[in-house]
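Close look at the chain arrangement
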Amino acid sequence: MNKKVPQIFILVINWNGKADTIECLESVQKIDYPNYQIILLDNGSIDDSVLTIKEKFPQVLVIENNANLGFAAGNNVGIDYAISQGADYIFLLNNDTVVDSQILWAFIYAHEKYPEAGILGAKIYYYSQPEKIWFAGAQWLPEQAIFKHIGLGKLDNESNFTEIQETDYVCGCALLITAEVVKKIGIMEPKYFLMWEETDWCYRAKRAGYKCILVPQSKVWHKISASFSGGDKAPHYQYFWWRNRLLWVERNFSFWTAFSIYQVIFRDILRQIRKYFNSPLGSPEKLKSQAALRGVKDYLIRQFGNSFS
């Protein structure tokens, strides 16, 4: 008897990103795998994304959230649906990506080899520089209270970053999670809205006894920060990064470990305060620091979700 091919639900969130989403879905359609379902989760787009995608991709299930729920809550709608439909795996994929046609088989083979893995991640390249690596795993640096992307900026010569490795977290841009893990640890925390939610998910999975691994044979090309005009210099990027880093530390470390990490972050906050007061009025640096400090303030007053405007 032939072995059952696991069912994979691919979740793609769209928010007024018609051109990127169409290119992403076109690449997903070319995936060589016999048992997957694509779900497009629209977060209240006001362009003609939904109509265009429904017409162009009739086989894609479109779920309209009717509001901008963010990455965490938006994907949670699809995760709940996939679990209700008997999914074996759920693959979160950013809409500003294109994928290799063998990506799902590579994940499946890796999980067969490493059954203790609960979350699996792809090797991610720059879309504009297809041989340059953006993400080949991550390492937590407590002395800086940040994660370092392994392989960042290095050219893929097909001899480095080729082995499956355990990673401190898997980037939500291209993250495969088993249904078993979701049923055990739950869906993503919607308080984050955007950024750090997948890191939180990975650490919850690890506490539940699962490993997070990087699968280099699963390949994705990413238009880095297409959802942020200005990339990591954009004020709203700074806001969510600073606010949610504090929330992530609170949720994932013991009191004394968190206390030591907060000391590091406090030094970062002091630097942001100095930048704010030393930067010219209206300058990009001042706006960045202002957004970062507002993120810190909102964390302290417990203002979460989509609180940046």
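What counts and how
Residues numbered from 1 in each chain as written. Predicted model: local features only at pLDDT ≥ 70, side-chain atom pairs only at ≥ 80, totals over all residues. Heavy atoms only, no water. Helix = DSSP H or I, 4+ residues; strand = E, 2+ residues; numbered from the N terminus. Rg over C-alpha atoms; globule rule 2.2 N^0.38 Å. Contact = heavy atoms within 4.5 Å. Areas by Shrake-Rupley, 256 points an atom, 1.4 Å probe, with all protein chains shown as cover. Lys, Arg positive; Asp, Glu negative; His and termini not counted. Charge placed at Lys NZ, Arg CZ, Asp CG, Glu CD. Core = buried A, V, L, I, M, F, W, Y, C linked by side-chain atoms within 4.5 Å. Buried < 20%, exposed > 50% of the residue type's maximum accessible area, 1.4 Å probe, protein only. Expected span 1.5 Å × (residues − 1). UniProt positions renumbered as here; feature names shortened; annotations may be inferred. Axes fitted to C-alpha atoms, helices over the stretch in contact; angles between N-to-C directions. Parallel < 35°, antiparallel > 145°, perpendicular 65-115°, else oblique. Left-handed = near helix turned anticlockwise from the far one by under 90°. Nonpolar A, V, L, I, M, F, W, Y, C, P; charged D, E, K, R; others polar. Salt bridge = Lys/Arg side-chain N within 4 Å of Asp/Glu carboxyl O. Disulfide = S-S within 2.5 Å. Phe/Tyr/Trp six-rings, centres within 6.5 Å; stacked < 30°, edge-to-face > 60°. Lys NZ or Arg CZ within 6 Å of the ring centre and 35° of its normal.

Some points on the overall build of the protein
The helix and strand tally for the protein stands at nine helices and twelve strands. Rg of the C-alpha trace for the protein: 19 Å, near the compact-globule value of 19 Å for 309 residues, within the 12% margin. Dimensions along the principal axes, computed over C-alpha positions, put the protein at roughly 65 × 40 × 40 Å. In the protein, the share of contacts with a sequence separation of at least 24, taken over all contacts with a separation of at least 6, comes to 73%. For the protein, the accessible area works out to roughly 14,200 Å², and carbon and sulfur atoms hold 54% of it. With 33 positive and 32 negative side-chain charges, the protein shows a separation of 7 Å between the mean positions of the two kinds.

Some thoughts on the nonpolar core
By size, the foremost hydrophobic cluster in this structure holds 99 residues, and its most contacted members are Phe91 and Leu93. With nine residues, helix α7 (residues 235-252) is the largest single contributor of residues to this core. Among residues more than four places away in sequence, those in contact with Leu93 are Ile10, Leu11, Val12, Ile13, Cys24, Val28, Val99, Cys173, Ala174 and Val220. Counting five residues, the second-largest nonpolar core is a separate cluster that includes Val98, Tyr125, Ala136 and Trp221.

A short note on helix α8 (residues 255-278)
Relative to the 34 Å expected for 24 residues at 1.5 Å per residue, α8 spans 34 Å between its end C-alpha atoms, a close match to the ideal helical length. Listing the buried residues of α8 in full gives Ala258, Ile261, Val264, Ile265, Asp268, Ile269 and Gln272. On its buried face, α8 is in contact with β8 (138-141), α7 and α9 (284-300).

Points about the UniProt feature "domain: Glycosyltransferase 2-like" (unreviewed entry) in the protein
UniProt annotation of "domain: Glycosyltransferase 2-like" (unreviewed entry) refers to residues 10-171 when read in the numbering used here. Its end C-alpha atoms 15 Å apart, residues 10-171 is made of 28% helix and 29% strand.

Regarding the packing of helix α1 (residues 18-29) against helix α2 (residues 49-56)
In contact at an axis separation of 10 Å, α1 and α2 are set at 20° when each is read in the N-to-C sense. With respect to their mutual orientation, α1 and α2 come out roughly parallel. Crossing angle aside, the handedness with which α1 passes α2 is right-handed. Between α1, through Lys18, Thr21, Ile22, Leu25 and Glu26, and α2, the contact on the second element is made entirely by Ser49, Thr52, Ile53 and Lys56. Here the contact of α1 with α2 is composed, by residue class, of three nonpolar, three polar and three charged.

Examining the pattern of salt bridges
Applying the stated criterion to the full structure yields 16 salt bridges. Between Glu116 and Lys211 there is a salt bridge, with its nearest N and O atoms 3.9 Å apart. Residue Glu116 is found in the loop between α4 (103-113) and β6 (117-126), and its partner Lys211 is found in strand β12 (residues 211-222); the two are separated by 95 residues along the sequence. Connected through shared salt-bridge partners, Glu189, Asp200, Arg204 and Arg251 make up one network.

Re the state of the cysteines
Taken as a whole and assessed by the stated rule, the structure comprises zero disulfides. Cysteine Cys173 remains unbridged, with the sulfur of Cys171 as its closest cysteine sulfur at 4.9 Å. For Cys173, a relative accessible area of 3% puts it in the buried group.

Some remarks on the environment of Pro235
For Pro235, the location among the structural elements is in helix α7. Through-space distance from the C-alpha of Pro235 to that of Arg294 is 10.0 Å; in sequence the pair is 59 residues apart. Discounting chain neighbours no more than four positions away, the residues touching Pro235 are Leu287, Ala291 and Phe308.

Side note on the side chain of Glu197
Relative to the assigned elements, Glu197 resides in helix α6 (residues 197-207). Those residues in contact with Glu197 that sit more than four places away from it in its chain are Phe71, Ala72, Met188, Glu189 and Tyr192.

Some thoughts on the packing of aromatic side chains
Using the criterion set out here, one finds 28 aromatic pairs in the structure. Their ring planes at 80° and their centres at 5.0 Å tell us that Tyr239 and Phe240 sit as a pair that is edge-to-face. Taking relative accessible area as the criterion, Tyr239 reaches 0% and is therefore assigned buried. Note on Phe240: relative accessible area 3%, which makes it buried. Three or more aromatic residues joined by ring pairs form one cluster here, namely Phe135, Trp140, Phe147, Tyr169, Trp196, Tyr203, Trp241, Trp242, Trp248 and Phe253. The ring of Tyr203 carries the charged tip of Lys206 above its face, separated from the ring centre by 4.0 Å. Above the face of the Tyr239 ring, Arg294 is positioned so that its terminal group lies 5.4 Å from the ring centre.

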